[in-house]
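Reading the structure
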Amino acid sequence: MTEFTGKAVFGGIAIGLASVYRKKDSSVEKRTVEDPGKEWERFEEAVETAKEELQALYDKVAEEVDEESAMVFEVHQMMLEDDDYLESIEDMIKEENLNAEYAVSTIGDNFAEMFSEMKDDEYMQGRAADIKDVSSRVVRILSGAADETAKSDVPMILLADDLAPSETVQLDKSKILSFVTRFGSTNSHTSILARTMNIPALIRVDFPEDADMKEAIVDGFAGKLILEPDEKTLEHYRELYKKEQEKRELLEKLKGKENKTIDGREIRLFANIGSVSDVSDVLNNDAGGIGLFRSEFLYLESSDYPTEEEQFKAYKTVAEKLEGREVIIRTLDIGADKSCDYFGIEKEENPALGYRAIRICLDRTDVFKTQLRAIYRASHYGCIGIMFPMIISVDEVREIKKIVEEVKASLKEEGHEYGDVELGIMVETPAAVFMSEELAEEVDFFSIGTNDLTQYTLAIDRQNARLEKINDPHHPAVLRAIETTIKNGHKHGTWVGICGELAADTSLTETFLRMGVDELSVSPSRVLSVRDAIRKTDLSK
Ligand code: PEP
Ligand code: MG
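Thresholds applied
Residues numbered from 1 in each chain as written. Chains lettered and ligands numbered in written order. Predicted model: local features only at pLDDT ≥ 70, side-chain atom pairs only at ≥ 80, totals over all residues. Heavy atoms only, no water. Helix = DSSP H or I, 4+ residues; strand = E, 2+ residues; numbered from the N terminus. Rg over C-alpha atoms; globule rule 2.2 N^0.38 Å. Buried < 20%, exposed > 50% of the residue type's maximum accessible area, 1.4 Å probe, protein only. Contact = heavy atoms within 4.5 Å. Areas by Shrake-Rupley, 256 points an atom, 1.4 Å probe, with all protein chains shown as cover. Lys, Arg positive; Asp, Glu negative; His and termini not counted. Charge placed at Lys NZ, Arg CZ, Asp CG, Glu CD. Donors = N, O, S within 2.8 Å, 3.2 Å for Na, K, Ca; no water. Pairing = 2+ DSSP bridges. Right-handed = clockwise from strand over helix to strand, strands pointing away. Axes fitted to C-alpha atoms, helices over the stretch in contact; angles between N-to-C directions. Parallel < 35°, antiparallel > 145°, perpendicular 65-115°, else oblique. Nonpolar A, V, L, I, M, F, W, Y, C, P; charged D, E, K, R; others polar. Expected span 1.5 Å × (residues − 1).

**Here's the deal with the overall build of the protein chain**
What the protein chain contains, in helices and strands, is 20 helices and 16 strands. For 541 residues, the compact-globule estimate of 2.2 N^0.38 gives 24 Å, and the C-alpha radius of gyration of the protein chain, at 25 Å, lies within 12% of that figure. Dimensions of the protein chain, computed from the C-alpha atoms along their principal axes, are close to 75 × 65 × 45 Å. For the protein chain, the residues scored as buried account for 50% of the 541 residues in total. If you take every contact in the protein chain between residues at least 6 apart in sequence, the share linking residues at least 24 apart comes to 68%. As displayed, the protein chain offers around 25300 Å² of accessible surface, 47% of which is attributable to carbon and sulfur atoms. If you average the places of the 67 positive and of the 110 negative side-chain charges in the protein chain, the two averages end up 6 Å apart.

Listed below in structure tokens is the structure:
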């Protein structure tokens, strides 16, 4: 029996045979060409064929799975239209007289490397697999090979270096018990898919090549892969698996049920999302709405400022899909760990304490107004709330409200319609906690961001792995800050939610309910277990 550890990206237990997924040898020959113009044409034809294949894949997956899962093929088609990518390939073919296969493969690798080096940006790291995937498609077409996808006949634990999005979506889902990859990130498509499929997944596991067809166990709670387990270990995990299944079945039964304690107190149980494609998880897990829509993705995905129209479309889509349930959009929160090159932000000594979130928006009001215009326009199509991150003072809120009024006035003048929009702030700095009584007079709601509130209260960088042991969100100072915020909010009729990771910690559900919290907003896959905890709480005792 051998054990390997990695990072769990989704919990659960899987027991079965390991299948090591090997990609075809994709080494590409480097040649000089006599007629670079003709070679470029050959490339252009291959791109057209690739786009047709991708469209067919999009249609297939949209019909057989859903549109969200198919989106990746639309992204791939867009990558094939990216000017930087195309120009780099063109230069290599036309300036260096090199063959198209080599140019595509080299440029694809360069772009992938560039993305995967964006260590502070998990989203872009995740896109490295996409650019490699789409480049190998073009190379395959150029070399005249047939399309191949991974297949297995019995349900298996899939072990791979990393899986390209087009590989994962084409896999027969009923035959996969778990994903284990050597590389990949929390935000990679394999991780996202595992969460959607509700199966355990591990990343950064250095499994041996000869694991193929060996009996295996994936422990998605402890982040472990066990090969050739002994009988005792197997027995232990069979028992755990059974319990896990029973738990899941019980949770499924909670769909459609109220988030009400035994003694009758009901709260809002909402979900957090980071992109439009997460909406299906929100709906599948029966969340009451969206308590935190991290709007950064629009900025991080793009190589330039997203336009009002692009943003409007994204917010409108989410609002419409939620069919009247509230969607709280958090305005841009970049800076610190989320960097965006085109903002031209200078490197800082202490980025977490630096130029970030609302500080950027109040400085760059052009960027802020564009986002607010898009959100207000989308509010006509559903129920939208807005919240502002990293607030530290009443003055900031007053300034924001002034800008909001300007935006509304100009939209009205232009004939745009908008709905009633609740305005709130994130309470994630100690200053906001101390000022919560005054702040409550200014806004409709508070949403406590425990991730940052813990970081700033304890003065522990949330990114610093070395301090993970003492980074304790259960610290009494953090809990007291939450209690103070709820109490002060309620003094002025301001409702108070929690949207940081702590909201999903079921060992604290009763504590939060006793503090009087009005909303818990958690990642979609945690909604039902939090509902379960709420329904088991009796506040009368
Ligand atoms: C938080 O700080 O708790 C929060 C929800 O925001 P983010 O994790 O995006 O900083
Ligand atoms: Mg935060």
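**Description of the coordination of the magnesium ion (ligand 2)**
Summarising the metal site, the magnesium ion (ligand 2) is bound by the protein donors Glu428 (OE) and Asp452 (OD), whose distances to it range over 2.1 to 2.2 Å. Pair noted here: Glu428 is in the loop between strand 13 (422-427) and helix 15 (430-434) and Asp452 is in helix 17 (residues 450-458), with a separation of 24 residues, a long-range link. In terms of burial, Glu428 and Asp452 fall into one category: buried.

**So, the pairing of strand 13**
The side chains of a regular strand alternate, residue by residue, between the two faces of the sheet. Among the six residues that make up strand 13, five are buried, leaving the element largely enclosed by the rest of the structure. Bridging between strand 12 (residues 383-388) and strand 13 involves four bridges; their strand directions are parallel. Looking at the pairing, Gly385 lines up with Glu422 of strand 13. For the crossover that starts at strand 12, traverses helix 14 (residues 394-413) and ends in the parallel strand 13, the hand is right-handed. Where strand 13 meets strand 14 (residues 445-448), four bridges bridge the pair, whose relative direction is parallel.

**Here we look at the sheet that holds strand 15 (residues 495-498)**
With respect to topology, eight strands assemble into a closed barrel ordered 9-10-11-12-13-14-15-16, the strand pairing being parallel. Geometrically, the sheet is characterised by an average inter-axis angle of 25 degrees between neighbouring strands, direction not taken into account.

**As for the packing of helix 4 (residues 100-116) against helix 5 (residues 122-142)**
Contact geometry for helix 4 and helix 5: axes closest at 8 Å, N-to-C directions at 175 degrees. One element, helix 4, and the other, helix 5, form an angle in the roughly antiparallel class. The residues of helix 5 that touch helix 4, namely those facing Ala100, Glu101, Val104, Ser105, Gly108, Asp109, Phe111, Ala112, Phe115 and Ser116, are Met124, Gln125, Arg127, Ala128, Ile131, Lys132, Ser135, Val138, Val139 and Leu142. Residue classes in the contact of helix 4 with helix 5 are distributed as 11 nonpolar, five polar and four charged.

**As for helix 5**
Spanning 21 residues, helix 5 covers 31 Å between terminal C-alpha atoms, matching the ideal 30 Å at 1.5 Å per step. A positive backbone phi angle near 75 degrees is found at Gly144, which sits one or two residues after helix 5.

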